[in-house]
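# Residue-level structural notes
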Amino acid sequence: MSKPTLATIWLDGCSGCHMSFLDIDERIIQLGELVDVVCSPIVDYKQFPAHIDIALVEGSVSTDEDEHKIISLRQRTRTLVAFGDCAVTGNVPAMRNAFPLSVLFARAYSETATHNAQNPAEHLPKLLKRARPVHEIVPVDVYIPGCPPSADTIFTVLTDLLAGRVPDIAALTRFGA
């Protein structure tokens, strides 16, 4: 019998959640005995397989590319986990939501530019009007809050899910597991 599959993706965020995931240290070997990591920035796999048992999603949905990725991933995934505050609430990327895109682009690429002031236009995903948490785009099965969530919380949630248990996120985050 094959092992359950695990995928992780990084949308609009800082990669802190993936760094916290890697902070499970030697337990990553234990996790590797339990799952096959089929898609992740840490394994440089570019295509989502047809079926994924558990997917950890870091970051908010801020571009058309993010939106396409999360919809495609949800269609292939049994248990989708919003992983970290950007995925759960929009967090830091959503701070831009109070401003029109034109104001953001002017500030970032004209007002503060010291050389070659211009809006980037080529080969970039289209920025959505609002950065959104994952659950506003697709259904989410499990939420892991934190900026970033602790390595212990991530490991406990994954091992609970793999054992068929529903993780008690409130208890894990309240006591810092």
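Predicted model, so just to flag it, every value in this text is computed and none were measured. (Residues numbered from 1 in each chain as written. Predicted model: local features only at pLDDT ≥ 70, side-chain atom pairs only at ≥ 80, totals over all residues. Heavy atoms only, no water.)

## Re the pattern of salt bridges
Heads up, the condition is: When a carboxyl oxygen of Asp or Glu lies within 4 Å of a side-chain nitrogen of Lys or Arg, that pair is called a salt bridge. Strands are runs of DSSP state E lasting at least two residues, helices are runs of H or I lasting at least four, and both sets are numbered from the N terminus onward. Burial classes: relative accessible area under 20% of the type maximum marks a residue as buried, over 50% as exposed, and values in between as partly exposed (1.4 Å probe, protein chains only).
Enumeration according to the criterion identifies nine salt bridges in this entry. The salt bridge partner of Lys-69 is Glu-65, with a shortest N-O separation of 3.9 Å. Placement of both Lys-69 and Glu-65 in helix α3 (residues 64–76) is noted, with a separation of four residues, approximately one turn of the helix. A residue is classified by how much of its surface remains accessible, and Lys-69, at 27% relative accessible area, is partly exposed. Overall, Glu-65 belongs to the partly exposed group, its relative accessible area being 40%. Measuring nitrogen to oxygen at the nearest pair gives 3.5 Å for the salt bridge that ties Glu-111 to Arg-107. With Glu-111 and Arg-107 both in helix α5 (residues 101–111) and four residues apart, this pair spans about one turn of that helix. Take Arg-107: its relative accessible area is 48%, and that puts it in the partly exposed class. Here the salt bridges do not stand alone but share partners, grouping Arg-130, Arg-132 and Glu-136 into one network.

## Side note on the packing of helix α2 (residues 27–34) against helix α6 (residues 151–162)
Here is the rule: Every axis in this analysis is a line fitted to C-alpha atoms, fitted for helices over the stretch in contact. Angles between the N-to-C directions lie between 0 and 180 degrees. What sets the label is the angle itself: under 35 degrees gives roughly parallel, over 145 gives roughly antiparallel, 65 to 115 gives roughly perpendicular, and the rest give oblique. If you view the pair so one helix is near and one far, a crossing is left-handed when the near helix is turned anticlockwise from the far one by less than a right angle, and right-handed when it is turned clockwise. Only heavy atoms enter the contact rule, under which two residues are in contact if any of them lie within 4.5 Å.
The geometry of α2 relative to α6 is characterised by a closest axis approach of 11 Å and an angle of 20° between their N-to-C directions. Between α2 and α6, the interaxial angle falls into the category roughly parallel. Here α2 runs over α6; the crossing is left-handed. Together, Arg-27, Gln-30, Leu-31 and Leu-34 of α2 and Ala-151, Asp-152, Phe-155, Leu-158, Thr-159 and Leu-162 of α6 make up the contact between the two elements.

## Let's talk about the sheet that holds strand β7 (residues 142–144)
Rules: Two strands pair under a simple rule: DSSP has to find at least two bridges between them.
Spatial ordering of the open sheet is given by β2-β1-β3-β5-β7, a layout of five strands whose pairing is parallel. Only two strands of the sheet have a single partner each, and these edge strands are β2 (36–39) and β7. Between one strand axis and the next, the sheet turns by 25° as a mean value, whatever way the strands run. Pairing between strand β3 (residues 52–58) and strand β5 (residues 77–83): five bridges, direction parallel. Within the sheet, the bridge partner assigned to Leu-56 lies in β5 and is Val-81. On top of the sheet, α3 reaches β1 (5–10), β3 and β5; it is set at about 135° to β5, its chief contact.

## Side note on a nonpolar patch on the surface
So the rule is basically this: Like charges within 9 Å and nonpolar side chains (Val, Leu, Ile, Met, Phe, Trp, Tyr) within 5 Å are joined into patches, using only residues over 30% in relative accessible area that form no salt bridge. In short, Shrake-Rupley with a 1.4 Å probe defines the accessible areas, and a residue's cover is counted only from the protein chains shown.
A surface patch of nonpolar side chains, amounting to about 660 Å² of accessible area, comprises Met-19, Leu-22, Ile-28, Ile-29, Val-37, Ile-42, Val-43 and Tyr-45. Mapped onto the nonpolar patch, the elements with two or more residues apiece are α1 (16–22) and α2. Take Val-37: it is sitting in strand β2. By relative accessible area, Val-37 is classed as partly exposed at 37%.

## Describing unusual backbone geometry
The peptide bond linking Cys-147 to Pro-148 adopts the cis configuration, its omega dihedral lying at -10°. Tracing the sequence through the fold places Pro-148 in the loop between β7 and α6. One non-glycine residue, Ser-15, lies in positive phi territory at about 80°. Locating Ser-15 in the fold gives a position in the loop between β1 and α1. Looking at Ser-15, the relative accessible area reads 15%, which means it is buried. Phi is positive for Asn-116, which is not a glycine, with a value near 55°. If you trace the backbone, Asn-116 turns up in the loop between α5 and β6 (127–132). The class of Asn-116 is exposed, set by a relative accessible area of 63%.

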